[in-house]
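Architecture at a glance
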Amino acid sequence: SESDIAARQTIEVAVNIVDTKDGLNTLITGTEYAVNFDSVCVKDGRSSFDKEQVRTTSGVAKVYYTASGCTVSDTINAALYPVENNVVDTTSSISVATDTINIELPQVNSIEYQDMSSRQIALQGISFTALPEVTEVNFIVKDEFNQPISGKEVTFSLSNKSVDATLSGDIDSDGEVVASTNANGVVTAYVNSGKSHGLVSVLATTSKNGGGVLRTQSFGISITTGIPVQPSFSLALDNYNPRGWNANGEIVTATVQLADRFHNPVPDGTVVNFLADGGII
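Residues numbered from 1 in each chain as written. Predicted model: local features only at pLDDT ≥ 70, side-chain atom pairs only at ≥ 80, totals over all residues. Heavy atoms only, no water.

Topic: the packing of aromatic side chains
Applied cut-off: Each pair of aromatic rings taken from Phe, Tyr and Trp, with Trp reduced to its six-membered ring, is defined by centres within 6.5 Å and is described as stacked if the planes are under 30 degrees apart, edge-to-face if over 60, and tilted in the remaining cases. Helix and strand definitions follow DSSP, with helices as H or I runs of at least four residues and strands as E runs of at least two, each counted in order from the N terminus. The rule is simple: take the accessible area with a 1.4 Å probe, protein chains only, and divide by the maximum for that residue type; under 20% is buried, over 50% is exposed, in between is partly exposed.
Applying the stated rule across the entire model yields five aromatic pairs. Ring geometry for F139 versus F156: centroids 5.8 Å apart, planes at 35 degrees, classification tilted. With F139 in strand β14 (residues 134-143) and F156 in strand β15 (residues 153-158), this residue pair connects regions lying 17 residues apart in the sequence. Comparing F139 with F156, the two get one shared label, buried. Among the aromatic residues, ring-to-ring pairing joins Y113, F139, F156 and F219 into one connected group.

Have a look at this one:
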C-alpha cells in the first residue's frame, strides 16, 4: 500500500496471481494457490508479517507488514506455490515477486548507559583473570517508542585526560572512536588501561534525526593494581575476651579488610590465609 513508510508503521502488502499469456496478465481466479512472504528484516526479527503464508482462490494474496526495528530499506519476497489435494507443494516455486520499501529512521530519543564487564581494571602489565586490562562498556540507543535503534552511530571519548587510558575502535576524521548499534540497539566501547592510576568514565554521544546531540556517560572505571598492601590491611574481632577457661567452641568473628596501594578494594575472589596461635580458625 506504501513504498515509503515511517518507523514501526504497518502496511498492507498484496500480490496478484496472473496469467502472463500474451502479456495480458489476467487475474487467475477459481484455482487455489499459496503465497509465502518473507523479507530480509523479517528473517532477522526486525520486521514481521501477520501471517507468512496465504492460500487464495481469488487471485489476490494479502498480508500486513510491520517494521519493528528495520531501518533504511527492506526487500520483500513473495513466492508462489501450487496447491494439490489440499496440500501446498513447496518443493519448487512457480514464480517469485520482489519489491523494496524504504523505512525512515525512527527519531532518536535517548542514549543510556547499560553495563560494563568490569568496574575495575588493572594497570597495564599487571593484569590477571579477576582484574583484566580491558573492560567493555555498553550503551543502548532508543527511539521515541522506547525501542532499540539498530545501525545508529555513537561517538565515544574518555572523561579524564590525565589517566592514560585509551579506547579501541574505528577512528573518525576528528580523531574520536565511533561505533554503530547492533540489532538490539546496543553499542560497545572498549577501555584499555595505561600505566597511571585513576578513575575514568566513558562519554557517549549520538545525533538526533533533526539535529542536536544526546549525551550520557558510564559509571566510573577504577584503574588500579588490585594487589593488597600492608597499610590497607586490617583485622577486627567482634569479641576480644571470649569465655575460654572452662568452655570450648566459643565463636569469635574475625573480619579482614584489604585494599591495594591506592586504597581501592581488591577484586572479589582474593584469597586471605588465617593463622591462629590457639583454638581453631
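What about the state of the cysteines?
Quick reminder of the rule: For the purposes of this analysis, a disulfide is any pair of cysteine sulfur atoms at a distance within 2.5 Å.
Scanning all chains against the criterion turns up one disulfide. C41 shares a disulfide with C70; S-S distance 1.9 Å. With the S-S bond torsion at 50 degrees, the cross-link from C41 to C70 turns out right-handed. Here C41, found in helix α1 (residues 40-43), pairs with C70, found in the loop between β8 (60-67) and β9 (72-84); they are 29 residues apart in sequence, far enough to count as distant. With a relative accessible area of 1%, C41 lands in the buried category.

With respect to the nonpolar core
Selection criterion: Only buried residues count toward a nonpolar core. Its members are Ala, Val, Leu, Ile, Met, Phe, Trp, Tyr and Cys residues joined through side-chain atoms within 4.5 Å. Pairs of residues are marked as contacts when any of their non-hydrogen atoms sit within 4.5 Å.
Formed by 26 residues in total, the largest nonpolar core has its most connected members in V137, F139, F156, V191, V202 and I221. Looking at this core element by element, the count peaks at four residues for strand β12 (residues 108-116). Among all residues touching F156, those that are not within four sequence positions of it are F139, L167, E176, V177, A179, V187, T188, A189, V202, L203 and A204. I5, V42, F49 and A67 belong to the second largest nonpolar core, which has 23 residues in total.

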